Amino acid sequence: MRPLIAGNWKMHGLRAEGLALARAVAAGAGGVAAELLVCPPATLIAAVAEALAGTPVAVGGQDCHEREKGPHTGDVSAPMLADAGARYVILGHSERRAEHGETDAQVRAKAMAALAAGLTPIVCVGESEAQRLAGEAEPVVARQLAGSLPEDFAVQGGVVAYEPVWAIGTGRTPTETDIAAMHGAIRAQLTRGTGGPAGARVRILYGGSVKPGNAAAILSQPDVDGALVGGASLVAADFLAIAAAAGASPARR
Ligand code: PGA
C-alpha cells in the first residue's frame, strides 16, 4: 500500500506564502515514494491546484458541505472543491467537531457528498485525553467510525485518519504501541464491516504532532499507512522529511 502523507494547512496561508509553500513541496517531491497531498484553506485551493498541475502533489479541501448547492452562506460544496482542482477532502477533523459541533451523522453525510463528487474523503476520528485516561479510546473511536463512515466507504477508496485530540498541536503523541493497537483495531473494524477485503486496503493515517523526528518510528508501525500533518506541513523541508521517512519505512503488511 502506497503511504499517503497529507498536509493540513488549517487556517494558514495568504496567497503568496501558500503558493511558495506548495511550489517548495513540489520541488522536493521528485524522489519521494509516498503519495503527497496538501490541503490549503479554501481560498487557495484553485491557485494551488494550478501551481501544482503536472507535479506529483495532489490538492485537497479541509471540509465540505453535505449538499451540492443551496442557501448555505459561507459553505463550500464537494463539487465546488472538485471544480477548483481538489481530489481529496478532510472531513470530521476534531477542530470542526469541537468548534462547529459536527456530529458523526454530519460527517457521514459529508463523506457521501465527497464520494458523489469524485473526491476521496479523509475521515478523522480520535479520542480526547479524558477518554484515553478512562480506558475508552478504542470504543470511542469505534463509535465514531461506525457513525461517520458511509457503507461503501472502503469500496470507494476512502481514507481514515486516527488523530487523538490531545496529540494535535501539542507535541505529544501516543506510544508506538498505542498507535499500533489503535490502528489494528480500526483495521479490524473496517474489514469486519461491509468493507470486507476492501477494508484491508483502506489507508489509515496517523495524525497529531507528526514531526521529522518521530515520523519514521510512527510510520513503521503496522497498519499506519501514512500521516496527516498539521504544523509541520507549513514548512516544506519538514513536510518532505516526513514524506521521506514514509518512503524509507519497511514494506507494510
Ligand atoms: P499537528 O496537527 O500535526 O499540528 O498536531 C495535525 C492535525 O490536526 O491534522
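Further up the page is the structure itself.
The rules we used
Residues numbered from 1 in each chain as written. Predicted model: local features only at pLDDT ≥ 70, side-chain atom pairs only at ≥ 80, totals over all residues. Heavy atoms only, no water. Helix = DSSP H or I, 4+ residues; strand = E, 2+ residues; numbered from the N terminus. Rg over C-alpha atoms; globule rule 2.2 N^0.38 Å. Buried < 20%, exposed > 50% of the residue type's maximum accessible area, 1.4 Å probe, protein only. Contact = heavy atoms within 4.5 Å. Areas by Shrake-Rupley, 256 points an atom, 1.4 Å probe, with all protein chains shown as cover. Lys, Arg positive; Asp, Glu negative; His and termini not counted. Charge placed at Lys NZ, Arg CZ, Asp CG, Glu CD. Expected span 1.5 Å × (residues − 1). Arc of directions from axis to C-beta. Axes fitted to C-alpha atoms, helices over the stretch in contact; angles between N-to-C directions. Left-handed = near helix turned anticlockwise from the far one by under 90°. Nonpolar A, V, L, I, M, F, W, Y, C, P; charged D, E, K, R; others polar. Polar contact = N/O pair within 3.5 Å; in protein donor to acceptor, adjacent residues only side chain to side chain. Near = heavy atom within 4 Å. Salt bridge = Lys/Arg side-chain N within 4 Å of Asp/Glu carboxyl O. Parallel < 35°, antiparallel > 145°, perpendicular 65-115°, else oblique. Pairing = 2+ DSSP bridges.

## Brief notes about the overall build of the chain
So, step 1. Regarding its fold elements, the chain presents 11 helices and eight strands.
So, step 2. Taking 2.2 N^0.38 as the reference for a compact globule, 253 residues should give roughly 18 Å; the C-alpha atoms of the chain span a radius of gyration of 17 Å, in line with that estimate.
So, step 3. In terms of principal-axis extent, the alpha carbons of the chain reach across some 45 × 45 × 35 Å.
So, step 4. Expressed as a percentage of its 253 residues, the buried residues of the chain come to 50%.
So, step 5. Of all intrachain contacts in the chain linking residues separated by at least 6 positions in sequence, the fraction that spans at least 24 positions is 72%.
So, step 6. Per element, the accessible surface of the chain, about 10700 Å² overall, is 54% carbon and sulfur.
So, step 7. Placing the 21 positive and 24 negative side-chain charges of the chain at their respective mean positions leaves the two points 4 Å apart.

## Section: helix H1 (residues 15–27)
So, step 1. Taking 1.5 Å as the rise per residue, H1 with 13 residues should run 18 Å; its terminal C-alpha atoms sit 18 Å apart, in good agreement.
So, step 2. Buried residues of H1: Gly18, Leu19, Leu21, Ala22, Val25 and Ala26, and no others. Buried residues in H1, looked at end-on, bunch into an arc of 160 degrees, giving them a common side. Relative to its buried face, H1 has exposed residues pointing more than 90 degrees away, namely Ala16 and Ala27.

## As for the packing of helix H7 (residues 137–148) against helix H8 (residues 176–192)
So, step 1. Interhelical geometry of H7 versus H8 gives an angle of 35 degrees and a closest axis separation of 10 Å. Crossing of H7 over H8 shows right-handed handedness. For the pair H7 and H8, contact is made by Ala137, Glu138, Val141, Ala142, Leu145 and Ala146 and by Ala181, Met182, Ala185, Ile186 and Gln189, respectively.
So, step 2. Taken together, the residues of the contact of H7 with H8 break down into nine nonpolar, one polar and one charged.

## Some words on the side chain of Gln144
So, step 1. For Gln144, the location among the structural elements is in helix H7.
So, step 2. A polar contact of 2.8 Å, which involves the side chain of Gln144, links it to the backbone nitrogen of Gly126.
So, step 3. The residues contacting Gln144, other than those within four sequence positions of it, are Arg97, Asp104, Val125 and Gly126.

## A short note on the site of the ligand
So, step 1. Residues in close proximity to the ligand total 13 residues, the closest being Lys10, His93, Glu163, Gly169 and Ser209.
So, step 2. Lys10 is positioned with one of its side-chain polar atoms (N or O) 2.7 Å from an oxygen atom of the ligand.
So, step 3. In this structure, an oxygen atom belonging to the ligand sits 2.8 Å away from a main-chain N or O atom of Gly230.
So, step 4. Tallied by class, residues from the shell around the ligand come to four nonpolar, seven polar and two charged.

## Overview of the pattern of salt bridges
Between side chains of opposite charge, a pair can form as their charged atoms come close.
So, step 1. Enumeration over the complete set of coordinates arrives at 13 salt bridges.
So, step 2. The partner of Asp178 in a salt bridge is Arg132, and the shortest N-O contact between them spans 3.5 Å. With Asp178 in helix H8 and Arg132 in helix H6 (residues 129–133), the pair connects residues that are 46 residues apart, well separated along the chain.
So, step 3. Look at Asp178 and you get partly exposed, because its relative accessible area is 30%.
So, step 4. Among the residues examined, Arg132 registers a relative accessible area of 22% and is labelled partly exposed.
So, step 5. Where Asp223 meets Arg187, a salt bridge forms, and the shortest distance between an N and an O atom there is 2.7 Å. One end of the pair, Asp223, is in the loop between helix H10 (212–219) and strand E8 (226–229); the other, Arg187, is in helix H8, with 36 residues separating them in the sequence.
So, step 6. Overall, Arg187 belongs to the buried group, its relative accessible area being 7%.

## Some details on the packing of H1 against helix H2 (residues 45–52)
So, step 1. Relative to each other, H1 and H2 sit at 30 degrees, their axes nearing to 10 Å. As far as their axial angle goes, H2 and H1 are roughly parallel. Considering only the axes of H1 and H2, their crossing is right-handed. Together, Arg15, Gly18, Leu19, Ala22, Arg23 and Ala26 of H1 and Ala47, Val48, Ala51 and Leu52 of H2 make up the contact between the two elements.

## A word on the sheet that holds strand E2 (residues 35–39)
So, step 1. Taken together, the eight strands give a closed barrel; going around it, the order is E1-E2-E3-E4-E5-E6-E7-E8, and neighbouring strands pair in parallel fashion. Ignoring strand direction, the axes of neighbouring strands in this sheet form an average angle of 25 degrees.
So, step 2. Pairing geometry for strand E4 (residues 88–91) and strand E5 (residues 120–125), over four bridges, is parallel. Counterpart to Val89 in the pairing with E5 is Pro121.

Treat this as a map of the structure, not an account of what it does.
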